[in-house]
Amino acid sequence: MKNKVVIIIGIISVILAAGIVLNFKKNKCPIANKLLPAGSLSATLVRGKDFENKGDLLNAKNTYQELINNFPGSKDIMNWQEKLEDLNIKLIFSSVITPKSTLYEIKPGDTIAKIAKEFKTTAGLIMKSNNISSDKIFVGRKIKVWNTPINIVVDKTQNILILKSDDEIIKTYIVSTGTNNSTPSGTFKIINKLENPTWFKAGLVVPFGSPENVLGTRWMGFNLAGYGIHGTVEPQNLGKQVTQGCVRMANSEAEELYTIVPVGTEVTIVD
């Protein structure tokens, strides 16, 4: 009788073990996840990746910010910051409503340019974040509009450009600044923006597409004649002081910034 009890208990143990293994394979280790202490680094990281996999950009962003805030000494903090900034840009260009944006209902007489001016954003950002491909819009449609001030800080010592919204860092870009620290320090404003700009060099007109045109695909000019932020035809020199005083970026990143920042954006340049 005792032997039968032992055998039965053994069989039950095997069945339970098999069930655990099957459940492990099916659900990618839910038991292991449940065993992680709530609020631990591992549990927070698992939660962040889970939000990412589900396409929940806002909660994924908040979770990576939580990792940075709670575990500042981690060797992975730079990776988390990079992930956070990537999620920030994805959120800006998505239709997801965030604390820095609003849901706006299009009214009679509205145009994309008019809405952009009212909320101090760009027509390009409104179009991109709402998947609008033309200037034609429809009364009554609700669209996402960014409604929080944007500003830029350029650090010449580190050759970085920081895109900020209030005090939050949205993204950090590697840039080139002026040779011998010639990029002027101070606070400026973007007063004009051009796509595929022509370069006017000492009386010469250098058209877009010419190998001698150093401006790349975008220009964002300051209220200081001759200075601004622009693309580059020399991406290999990013991160160095090599320009005649302007701030150069990779073309793809200049295009990204161009879409986000409106005319009037404040730019602070520091040593």
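For clarity, every value in this text was computed on a predicted model and none was experimentally measured.

A.B. asks: Residues and numbers for the packing of aromatic side chains, please.
C.D. replies: Taken as a whole and judged by the stated rule, the model has two aromatic pairs. With centroids separated by 5.7 Å and ring planes inclined at 5°, the aromatic side chains of phenylalanine 188 and phenylalanine 222 adopt a geometry described as stacked. Placement of phenylalanine 188 in strand β7 (residues 186-195) and of phenylalanine 222 in strand β10 (residues 218-222) is noted, with a sequence separation of 34 residues between them. Exposure class is identical for phenylalanine 188 and phenylalanine 222. Each is buried. Its end group placed over the ring of phenylalanine 93, lysine 128 keeps NZ or CZ at 5.0 Å from the ring centre. Lying across the ring of tyrosine 258, arginine 218 places its NZ or CZ 5.2 Å from the centre.

A.B. asks: Can you lay out the packing of helix α4 (residues 57-70) against helix α5 (residues 77-93) for me, pointing to particular residues and giving the numbers?
C.D. replies: Interhelical geometry of α4 versus α5 gives an angle of 155° and a closest axis separation of 9 Å. Relative to α5, α4 is oriented roughly antiparallel. In the packing of α4 onto α5, the handedness of the crossing is left-handed. Packed against α4, whose contacting residues are Leu57, Leu58, Ala60, Lys61, Tyr64, Gln65, Leu67 and Ile68, the element α5 presents Ile77, Trp80, Gln81, Lys83, Leu84, Leu87, Asn88, Lys90 and Leu91 at the interface.

A.B. asks: An account of the nonpolar core is requested, with residue identities and associated values reported.
C.D. replies: The biggest cluster of nonpolar side chains holds 27 residues, and the ones touching the most others in it are Ile152, Leu161, Leu163, Ile229, Leu257 and Val261. Of all the elements in the fold, those that place two or more residues in this core are α5, β3 (150-155), β4 (160-165), β5 (168-174), β7, β10, α8 (251-260) and β14 (266-270). With four residues, α8 is the single largest residue contributor to this core. Ala116, Met127, Ile137 and Ile143 belong to the second largest nonpolar core, which has twelve residues in total.

A.B. asks: Let's hear about helix α3 (residues 41-53): which residues, and what values?
C.D. replies: In this model, α3 (13 residues) spans 18 Å end to end at C-alpha, consistent with the 18 Å of a helix rising 1.5 Å per residue. Taken together, the buried positions of α3 are Ala43, Thr44, Gly48 and Phe51. Relative to the axis of α3, the buried residues are bounded by an arc of 135° and lie together on one face. Buried residues in α3 make contact with α4. Just downstream of α3 lies glycine 55, where phi reads positive at about 80°.

A.B. asks: Talk me through the packing of α5 against α8; I want residue IDs and the actual numbers.
C.D. replies: At a minimum axis separation of 11 Å, α5 and α8 run at an interaxial angle of 50°. Accordingly, the angle class assigned to the pair α5 and α8 is oblique. Like other packed secondary-structure pairs, α5 and α8 cross with a definite hand, here left-handed. Residue-level contacts link Ile89, Ile92 and Phe93 of α5 to Glu256, Thr259 and Ile260 of α8.

A.B. asks: Let's hear about the pairing of β4: which residues, and what values?
C.D. replies: With six of its six residues buried, β4 lies for the most part within the structure. Burial along β4 is two-sided: Ile160, Ile162 and Lys164 and Leu161, Leu163 and Ser165, pointing in opposite directions, are all buried. Bridge analysis of β3 against β4 gives six bridges, and the strand direction is antiparallel. Each residue of the ladder has a partner; that of isoleucine 152, found in β4, is leucine 163.

Parameters and conventions
- Residues numbered from 1 in each chain as written.
- Predicted model: local features only at pLDDT ≥ 70, side-chain atom pairs only at ≥ 80, totals over all residues.
- Heavy atoms only, no water.
- Phe/Tyr/Trp six-rings, centres within 6.5 Å; stacked < 30°, edge-to-face > 60°.
- Helix = DSSP H or I, 4+ residues; strand = E, 2+ residues; numbered from the N terminus.
- Buried < 20%, exposed > 50% of the residue type's maximum accessible area, 1.4 Å probe, protein only.
- Lys NZ or Arg CZ within 6 Å of the ring centre and 35° of its normal.
- Axes fitted to C-alpha atoms, helices over the stretch in contact; angles between N-to-C directions.
- Parallel < 35°, antiparallel > 145°, perpendicular 65-115°, else oblique.
- Left-handed = near helix turned anticlockwise from the far one by under 90°.
- Contact = heavy atoms within 4.5 Å.
- Core = buried A, V, L, I, M, F, W, Y, C linked by side-chain atoms within 4.5 Å.
- Expected span 1.5 Å × (residues − 1).
- Arc of directions from axis to C-beta.
- Pairing = 2+ DSSP bridges.

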